[in-house]
Amino acid sequence: MLTNQRPRSSIVSLLIGLSGVGIGIVAGFFAGAKPLYLYLLLVAIPVVIFFFARFEQAVIGLLILRSTLDPWSSQQLPAAFAVGLDALTLMYVTVKLLTGQRMHTDGFWWFFAGWVAVQGLWVILLPLGGLGLDASLLPESIREWIRLFSWLMVYLLVTQLKDRLPPEKVISGLFLALVIPVTVALLQIFMPSILPPFLGAGGDDGSRIKGSIGHSNGFVTFLLLFIGLTYWKLKQSRQYLPWLLLLGLLAFLYVNTKALFGLMMVATFVLVLIAPRLNIPNFIGGAIFLVLVIGLFASTEFGRERLSSIANTPLLNPDIDVWRAILLSQGDTNSFNWRLAHWNLLLNAWQQFPILGYGLASAQAIGKGFLAHNDYIRALVEGGIVGFVTFLVFLGVQGIRIIQLMQSAPRGSAKRDLCSIMLALFLSIPVAMITENIWSHTTLFFYWMTLMAVAGWDWNQRNTVSVNPSGQL
């Protein structure tokens, strides 16, 4: 036993020593070049120490922290968080491999890793002249690839909590990520004057709340995910009142984001959720929730304007075809007609480079500074036919994975209920992708990949700590 521990201890000591030398050299450089970076480095040192000393608490803390960072996007804090999380995960994996400890992975993670690697081909082809744009887009493409890579690292990091923490405890810990966004959102509704400008409400008239998420539309998908988790907790708990109150609060905030696509998402979510076990109580409950959400949305002047605007689009007006809607978009303020004109612009550009497209994060540049507002068109423009197929495959494999996990769990179990809710959430995402930039909702996918990882655990197995109770290496 002692002989097995000495080499590992020596390796860890060597790594700590080399890290100390490296930190000293880097700190000396930053002290002379960029003092701000030095301060960030000094903060990073205790974070790294805590991460390895209290691994479980550190991971849960990182999951909670992510929902508070978007207001500081102009200071690149969310990007720094993603890079830091990637670095911590890679350091942890390196130490585990060098010390011969077990790494938890699953089949979906290996598929996910391969898919992220394939996306890197567009980053490589861009400076080589193999795509529709030149190398001036390379920084944005690298940033986009790192964003996708961070989702992979989140999945891997949460997977390492397997056999260390019960899955229910991990999911319960995620609810702490609601505290800051919900608090800020309530202040944006009732006491907006006390908030600093960067935390103010969004929209042209400042009436759309966004919590501490970067945009009101991003807050919608964040809220829907936690509406699903709250419903799951409601089914699992014997104390219904607290979870019913939280569900009502989240629905109230959901409506106050005033996102029209959010109505499509919540309608899809409810329909998918109640369809497999349709009975009178489920039907009544789902109908009441939908009527509540739609009624609250239509109770405001802004909501009524958004709903009435659909009547002047090809969706509800047979006298307006697509081409007329595109012409009308030049003079009216109808957001759907504008989307039709914008999609026409992007599709015309895609036809010039149909096979491989223009590269990651290129749709905004081609769209004259505007995002695609349709993730399928975005995938087609940025990756061409090849990238579009990989995008659909990635979505499809996630759906298959959820169905497999749901079928493998016992009926009535907490895991099966969670997977059914995840399936309803998942199917609402492709619907919203038709008119919204769901792919850019980084916070949503951060927590979504957390759920994907936890759902893959064996919930019937008692969780035991395989290294030591503190989680130290």
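Presented here is a report on the structure given in the accompanying data block. (Residues numbered from 1 in each chain as written. Predicted model: local features only at pLDDT ≥ 70, side-chain atom pairs only at ≥ 80, totals over all residues. Heavy atoms only, no water.)

## Topic: the overall build of the chain
And step 1. Looking only at helices and strands, the chain has 19 helices and 0 strands in total.
And step 2. Within the chain, contacts between residues at least 6 apart in sequence are counted, and of these 72% link residues at least 24 apart.
And step 3. Within the structure as shown, the chain displays about 22,600 Å² of accessible surface, and the carbon and sulfur contribution to it stands at 68%. (Helix = DSSP H or I, 4+ residues; strand = E, 2+ residues; numbered from the N terminus. Contact = heavy atoms within 4.5 Å. Areas by Shrake-Rupley, 256 points an atom, 1.4 Å probe, with all protein chains shown as cover.)

## Topic: the packing of helix α18 (residues 414–432) against helix α19 (residues 442–455)
And step 1. Across the interface, α18 lies against α19 with an axial gap of 11 Å and an inter-helix angle of 145°. For the element pair α18 and α19, the recorded crossing hand is left-handed. Every residue of α19 that contacts α18 at Lys415, Cys419, Met422, Leu425, Phe426 and Ile429 is listed here: Leu444, Trp448, Leu451, Met452 and Ala455.
And step 2. Of the residues contributing to the contact of α18 with α19, the split by class is 10 nonpolar, no polar and 1 charged. (Axes fitted to C-alpha atoms, helices over the stretch in contact; angles between N-to-C directions. Left-handed = near helix turned anticlockwise from the far one by under 90°. Nonpolar A, V, L, I, M, F, W, Y, C, P; charged D, E, K, R; others polar.)

## Quick look at helix α5 (residues 107–125)
And step 1. Here α5 spans 28 Å end to end across 19 residues, near enough to the 27 Å set by a 1.5 Å rise per residue.
And step 2. Residues of α5 that are buried: Phe108, Trp109, Phe112, Ala113, Trp115, Val116, Gln119, Gly120, Trp122 and Val123. Projected onto a plane normal to the axis of α5, the buried residues spread over an arc of 165° and lie on a single side. Exposed and oriented more than 90 degrees from the buried face of α5 are Gly107 and Trp110. (Expected span 1.5 Å × (residues − 1). Buried < 20%, exposed > 50% of the residue type's maximum accessible area, 1.4 Å probe, protein only. Arc of directions from axis to C-beta.)

## Structural notes on the nonpolar core
And step 1. Counting residues in each nonpolar core, the largest one holds 111 residues, and the members touching the most others are Phe51, Phe226 and Trp448.
And step 2. The contact partners of Phe226, leaving out residues within four places of it in the chain, are Leu174, Phe175, Ala177, Leu178 and Leu250.
And step 3. Of all hydrophobic cores here, the second largest spans 17 residues; its members include Ala325, Ala363, Ile366 and Ile377. (Core = buried A, V, L, I, M, F, W, Y, C linked by side-chain atoms within 4.5 Å.)

## Some words on the environment of Leu451
And step 1. Counting through the fold element by element, Leu451 comes out in helix α19.
And step 2. Placed 29 residues apart in sequence, Leu451 and Met422 show a C-alpha to C-alpha distance of 8.2 Å.
And step 3. Other than its neighbours up to four places away in sequence, Leu451 contacts Ile171, Leu174, Leu225, Leu229 and Met422.

## Examining the packing of aromatic side chains
And step 1. Throughout the structure, instances matching the rule amount to 35 aromatic pairs.
And step 2. Arranged with centres 4.8 Å apart and planes meeting at 85°, the rings of Trp109 and Trp110 form a pair that is edge-to-face.
And step 3. Taken together, Phe108, Phe111, Phe112, Trp115, Trp151, Tyr155, Tyr376, Phe391, Phe394, Trp439 and Phe445 form an aromatic cluster joined through their ring pairs.
And step 4. Between the NZ or CZ atom of Arg378 and the centre of the ring of Phe391, over which it lies, the distance is 5.1 Å. (Phe/Tyr/Trp six-rings, centres within 6.5 Å; stacked < 30°, edge-to-face > 60°. Lys NZ or Arg CZ within 6 Å of the ring centre and 35° of its normal.)

## Structural notes on the pattern of salt bridges
And step 1. This model, assessed by the stated rule, comprises 8 salt bridges.
And step 2. Measuring nitrogen to oxygen at the nearest pair gives 3.4 Å for the salt bridge that ties Asp106 to Arg401. You can see Asp106 sitting in the loop between α4 (77–98) and α5 and its partner Arg401 sitting in helix α17 (residues 375–408), a full 295 residues away along the chain.
And step 3. Where Arg378 meets Asp375, a salt bridge forms, and the shortest distance between an N and an O atom there is 3.5 Å. With Arg378 and Asp375 both in helix α17, this residue pair falls 3 residues apart, about one helical turn. (Salt bridge = Lys/Arg side-chain N within 4 Å of Asp/Glu carboxyl O.)

## Brief notes about unusual backbone geometry
And step 1. Backbone geometry places Lys258, a non-glycine residue, at a positive phi of 55°.
And step 2. Within the element layout of this structure, Lys258 appears in the loop between α10 (240–256) and α11 (260–274).
And step 3. Even without being glycine, Lys368 reaches a positive phi, approximately 60°.
And step 4. Relative to the helices and strands, Lys368 resides in the loop between α16 (363–366) and α17.
And step 5. When its relative accessible area of 67% is taken as the criterion, Lys368 is described as exposed.

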